[in-house]
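Structural characterization, general
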Amino acid sequence: MKLNKMAQKEQDIILAEDDLDDVLVFEMALKEIDVPVDMRHAQNGNVLFELLEERIPDTLFLDVHMPCKDGISCITEIRKDRKYDRLPVIMYTSSGNEKTVEQAYRNGANLFITKTDTIRQLSTKLKTVFSIDWKNYMHYPPLDHFVIN
């Protein structure tokens with residue numbers, strides 16, 4: 001899969017994830033697809049909002065289960081603030097149950113990625129995310145295309 005031209009310049013992303021092993025896997029998957037990024041890391045929902053105040057990223061990857069403020073609370077708060085209207089939010093979590101997916105969808109997430117067993121599987125999913133031209137097309141798929149498999 002060929003990445004769009006937007007993905008060829010450095011992407012400013014935030015990964016909101018409390019598990020450092022998952023952060024490392026995410027970083028390795030990014031290296032595998034060779035997408036240049038400036039990745040900031042928020043270990044909980046409170047830190048996420050501090051980072052968002054510093055600078056709105058090109059893309060936010062948001063874990064559902066985090067301390068202080070969980071991912072569903074974060075996406076709900078983000079979508080209530082108009083300054084984040086153009087921010088793509090991709091849920092990144094091990095909890096792919098139907099209720100969690102529906103909550104993320106209903107509260108305004110753009111896509112849903114479940115954590116994978118391998119770096120290669122995650123790389124494939126990240127290629128899909130980075131192939132979307134978010135600047136020109138805010139992607140809100142129907143529910144049956146919301147989860148990237």
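Below, the structure is looked at part by part. (Residues numbered from 1 in each chain as written. Predicted model: local features only at pLDDT ≥ 70, side-chain atom pairs only at ≥ 80, totals over all residues. Heavy atoms only, no water.)

**Examining the pairing of strand 5 (residues 111–114)**
Of the two faces of strand 5, the one lined by Leu111 and Ile113 and the one lined by Phe112 and Thr114 are each fully buried. Alignment of strand 4 (residues 89–93) against strand 5, held across four bridges, turns out to be parallel. Looking at strand 5, one finds that Tyr92 is bridged to Ile113. In the classification by handedness, the crossover that spans strand 4, the intervening helix 4 (residues 98–106) and the parallel strand 5 is right-handed. Strand direction decides the pairing type here: strand 5 and strand 6 (residues 147–148), joined by two bridges, are parallel. Directly across from Ile113, in strand 6, lies its bridge partner Ile148. For the segment spanning strand 5, helix 5 (residues 119–130) and strand 6, crossover handedness is left-handed. (Buried < 20%, exposed > 50% of the residue type's maximum accessible area, 1.4 Å probe, protein only. Helix = DSSP H or I, 4+ residues; strand = E, 2+ residues; numbered from the N terminus. Pairing = 2+ DSSP bridges. Right-handed = clockwise from strand over helix to strand, strands pointing away.)

**Considering the nonpolar core**
Formed by 25 residues in total, the largest nonpolar core has its most connected members in Leu48, Leu52, Leu60, Leu62, Ile78, Val89 and Met91. Those elements giving two or more residues to this core turn out to be strand 1 (11–16), helix 2 (45–54), strand 3 (59–62), helix 3 (71–80), strand 4 and helix 4. If you look at the next biggest cluster of nonpolar residues, it comprises 22 residues, including Leu126, Phe130, Ile132 and Ile148. (Core = buried A, V, L, I, M, F, W, Y, C linked by side-chain atoms within 4.5 Å.)

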